Amino acid sequence: MKINYQPILPPFMNDVQDIVRAFYPYIEIDDDAPQTLSVSYSLKNCRMLVGIVFEGRTKYFSENIPSGLSEILYKKAAKKFVKTTLYLFCVKLTGKELPYGSLTGVHPLYVYRELKLNFQNPRVALERDFYVSPSRASLLREVSETQCGYFSNSDVNCDLYINVPFCPTRCSYCSFISTEVGRVKAQIPEYAAKLRKEIEETLEVIAVRGRKLRSVYVGGGTPFSLSAETLKQILEPLKGVSFTAVTRGQLKRTGEFTIEAGRPDAITREKLEAALELGVTRISVNPQTLNDATLVKIGRNHTAADFFASYALAREYPFEINVDLIAALPDETFEDFRSTVDGVIALAPDNITVHTLSIKHGSQLNLADYKKSAEGVALAQTDYAHTALNAAGYFAYYLYRQKNTADNLENVGYAKKGKECVYNIDYMEETNTVYACGAGAVTKFVFNTQNRIERVSGAKDLNTYLERPLPPKEL
Ligand code: SF4
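Residues numbered from 1 in each chain as written. Predicted model: local features only at pLDDT ≥ 70, side-chain atom pairs only at ≥ 80, totals over all residues. Heavy atoms only, no water.

Colleague: Explanation requested: the pairing of strand S17 (residues 394–400) in the structure shown.
Modeller: Residues in a regular strand project their side chains so that they alternate between the two faces of the sheet. Within S17, six of the seven residues are buried, which leaves the element mostly enclosed by the surrounding structure. In terms of strand pairing, S17 meets strand S18 (residues 411–416) through six bridges, oriented antiparallel. Looking at S18, one finds that Tyr398 is bridged to Gly413. (Buried < 20%, exposed > 50% of the residue type's maximum accessible area, 1.4 Å probe, protein only. Helix = DSSP H or I, 4+ residues; strand = E, 2+ residues; numbered from the N terminus. Pairing = 2+ DSSP bridges.)

Colleague: It is not clear to me how the pattern of salt bridges should be interpreted in this structure. Could you clarify?
Modeller: A side chain with one charge may pair with a side chain of the opposite charge, provided their charged atoms come close. This model, assessed by the stated rule, comprises 27 salt bridges. For Glu316, the salt bridge is made with Arg269, and the minimal N-O distance between the two is 2.9 Å. A residue pair is termed long-range when its members are at least 10 positions apart, and Glu316 in the loop between helix H10 (304–314) and strand S15 (320–327) and Arg269 in helix H8 (residues 269–278) qualify at 47 residues. Taken together, the shared-partner salt bridges connect Arg253, Glu256, Glu320 and Lys419 into one network. (Salt bridge = Lys/Arg side-chain N within 4 Å of Asp/Glu carboxyl O.)

Colleague: Looking at this structure, I do not really get the domain arrangement of the protein. What am I missing?
Modeller: Accessible area lost when the parts come together is the quantity often used to give the size of an interface. When cut into domains, the protein gives domain 1 (1–94), domain 2 (97–148) and domain 3 (157–467). Distance between the C-alpha centres of domain 1 and domain 3: 37 Å. (Domains from an automatic or database assignment.)

Colleague: What should I look at first to understand unusual backbone geometry in this one?
Modeller: Negative phi characterises most residues that are not glycine, and trans characterises most peptide bonds. The omega torsion of the bond from Gly220 to Gly221 falls at 15 degrees, within 30 degrees of zero and hence cis. Not every positive phi belongs to a glycine, and Tyr131 is a case in point at roughly 60 degrees. Here Tyr131 lies in the loop between helix H4 (122–130) and helix H5 (134–147). Of note in this structure, Ala328 is not a glycine but carries a positive phi near 70 degrees. With respect to the helices and strands, the residue Ala328 is situated in the loop between S15 and helix H11 (334–345). Residue classification places Ala328 among the buried positions, given a relative accessible area of 2%.

Colleague: Could you clarify how one ought to interpret the site of the ligand in this entry?
Modeller: Lining the immediate environment of the ligand, one finds Cys167, Thr169, Arg170, Cys171, Tyr173, Cys174, Phe176, Ser178, Gly221, Thr222, Arg263 and Arg300. Considering only residue class, the shell around the ligand consists of five nonpolar, four polar and three charged. (Near = heavy atom within 4 Å. Nonpolar A, V, L, I, M, F, W, Y, C, P; charged D, E, K, R; others polar.)

Colleague: Is there a simple way to explain the nonpolar core in this structure?
Modeller: Nonpolar side chains tend toward joint burial in soluble globular proteins. Counting residues in hydrophobic clusters, the biggest one holds 84 residues, and the most contacted among them are Leu126 and Ile162. Tallying contributions element by element places helix H6 (residues 188–208) first for this core, with seven residues. No fewer than three residues from each of domain 2 (97–148) and domain 3 (157–467) sit in this core. The contact partners of Leu126, leaving out residues within four places of it in the chain, are Leu103, Val111, Tyr112, Leu115, Tyr131, Val132, Ala137 and Leu140. The next biggest cluster of nonpolar side chains, apart from the first, holds 23 residues, and it includes Leu37, Met48, Val82 and Cys90. (Core = buried A, V, L, I, M, F, W, Y, C linked by side-chain atoms within 4.5 Å. Contact = heavy atoms within 4.5 Å.)

Colleague: Whenever I open this one, the pairing of strand S4 (residues 37–44) confuses me. Can you help?
Modeller: For S4 and strand S5 (residues 47–54), the ladder comprises eight bridges, and the chain directions are antiparallel. Bridge pairing in S5 places Ser40 opposite Gly51. What sits between S4 and S5 in their antiparallel hairpin is a turn of two residues, with Asn45 showing a positive phi close to 45 degrees.

Colleague: I'm lost on the environment of Cys437 in this one. Help?
Modeller: The residue Cys437 is located in strand S19 (residues 433–437) in this model. In this structure, the C-alpha to C-alpha distance between Cys437 and Ser457, residues 20 residues apart in sequence, is 9.9 Å. Excluding residues that lie within four positions of it along the chain, Cys437 makes contacts with Leu160, Tyr161, Ile162, Asn163, Leu195, Glu198, Ile199, Thr202 and Lys473.

Colleague: What exactly am I supposed to notice about H10 here?
Modeller: The α-helix winds at 3.6 residues per turn, so residues separated by three or four positions along the chain end up facing the same way. Those residues of H10 that fall on the buried side of the exposure criterion are Ala304, Phe307, Ser310, Tyr311, Leu313 and Ala314. On the buried face of H10, the contacting elements are H8, strand S14 (282–285), helix H9 (292–297) and S15.

Colleague: Can you help me understand the packing of H5 against helix H13 (residues 377–391) in this one?
Modeller: The axes of two packed helices give the description: the angle between them and the distance between them. At a minimum axis distance of 12 Å, the contact between H5 and H13 shows a crossing angle of 40 degrees. As the angle between them shows, H5 and H13 are arranged oblique. By crossing handedness, the relation of H5 to H13 is classed as left-handed. Between H5, through Ser135, Arg136, Leu139 and Glu142, and H13, the contact on the second element is made entirely by Leu379, Thr382, Asp383, His386 and Asn390. (Axes fitted to C-alpha atoms, helices over the stretch in contact; angles between N-to-C directions. Parallel < 35°, antiparallel > 145°, perpendicular 65-115°, else oblique. Left-handed = near helix turned anticlockwise from the far one by under 90°.)

Colleague: Whenever I open this one, the side chain of Asn351 confuses me. Can you help?
Modeller: Looking at the secondary structure, you find Asn351 in strand S16 (residues 351–356). For Asn351, the side chain forms a polar contact with the main-chain oxygen of Lys419, separated by 2.9 Å. Other than its neighbours up to four places away in sequence, Asn351 contacts Arg282, Ile321, Asn322, Val323, Tyr394, Tyr397, Tyr414, Ala415, Lys419 and Cys421. (Polar contact = N/O pair within 3.5 Å; in protein donor to acceptor, adjacent residues only side chain to side chain.)

Colleague: What's the story with the environment of Val434 in this structure? I'm lost.
Modeller: Inspection of the secondary structure assignment puts Val434 in strand S19. Separated by 304 residues in sequence, Val434 and Phe130 place their C-alpha atoms 31 Å apart.

Colleague: Mind showing me how you'd approach the packing of aromatic side chains here?
Modeller: Geometrically, a pair of aromatic rings is defined through the distance of the ring centres and the angle of the planes. This model, assessed by the stated rule, comprises 16 aromatic pairs. For the pair Phe307 and Tyr311, a centre-to-centre distance of 5.9 Å together with 50 degrees between the ring planes defines the contact as tilted. You can see Phe307 and its partner Tyr311 sitting in helix H10, four residues apart, about one turn around the helix. For the pair Tyr435 and Phe445, a centre-to-centre distance of 5.9 Å together with 90 degrees between the ring planes defines the contact as edge-to-face. Of this pair, Tyr435 sits in strand S19 while Phe445 sits in strand S20 (residues 442–447); the two residues are 10 residues apart in sequence, bridging distant segments of the chain. Within the aromatic cluster, the residues linked to one another by ring pairs are Tyr161, Tyr217, Tyr423 and Tyr427. The ring of Phe395 has Lys417 sitting right over it, with the charged end atom 4.9 Å from the ring centre. Sitting over the ring of Tyr427, Lys444 keeps its end group 3.9 Å from the ring centre. (Phe/Tyr/Trp six-rings, centres within 6.5 Å; stacked < 30°, edge-to-face > 60°. Lys NZ or Arg CZ within 6 Å of the ring centre and 35° of its normal.)

Below, the structure is given as structure tokens:
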């Protein structure tokens, strides 16, 4: 289906587009196609009016504006009215309801927390005012309750992110800047030296400004696609770095230092030893699925048996371990995903992160093949994961949504009680400044006292990173 639609009022253009895309994720928007949908908004005698023209027929919807609203609150009310009206129109048109209802283009936990300020039961308000499904409203409550007490809300605290944009092979669904490590071998020494310098400079800024470091996270990519020597060279400045304690009630966590070791085929004893020596406390071992046929299909160079072997090796060390899984992988049935979830729970890692596949521009995965397999399966798969994980003592502690995700779902981090990853909460909830080093890294300055965030992007890819001067680490 091709569609040409015209949201008349520019401030709501993106919102209208987000709702349409949520119902028709693979739609091509074509300005030259005959116009099929248009949405207009106007204000008449204190009534908000939305007109929807679809295939030549017009329908109008109206609602009174609550009296005494400031300009900001009026704009908010108008936006909500446009979105929910279009959402309900699309529900009628398609016969499909979405798990997050009319919540698009916004972090659902921000909405949950805002509702919490005004309603005793924000879960009910989410279902009533935004048409969020009962299962997702409960999930948001669970995340909000698990996170409670972790927020720093201080402009002094910070986290440090380090990007290692290399992987052993490229997954078919990948849209990151990550490059196959074998293809850029010659540039690795230069990248390692520059990244180390950036880390040193950042640690200096943190010290001079009197900031307090809550966590370090080395991600990518697959950091363990580098050799143990190179990892030590890059991360040595972090050895013995001082962290501030993160307290949550009786719980006290200090010195959270994660490496997303990543692919099971990149994990060796030598690299685990190096990580231990550097002070790493948490690693990720990511199979994504325990189904060998799927692993071949998505371009990963390892088997489920490789994952079990790497996991057993990693368990010989005192790291907290996270395991990443993906729901709605190509051709995977409910049973395939269930056996992956059950297989990973049986290992009892500290964290299990359940992603839902999102297909973005730049990935190699064939959209047509994917469409066939994903529709409708993802919801059942993620619902199963939630129930099984809760039953095994894991609770959702962070959540984020991306565009073009199967069944309009989400990515959820689960943790055993007290094993929540502070970095993931700080980063997703934007409650803490996160310094970022490396190609593709974006530093985020959070000013809690001024309710303001500023981002400073560095070089987007490896070559630009090597050519350009390092980005500033203070505003
Ligand atoms: S492991 Fe992650 S970053 Fe690397 S290719 Fe796969 S999806 Fe991309």
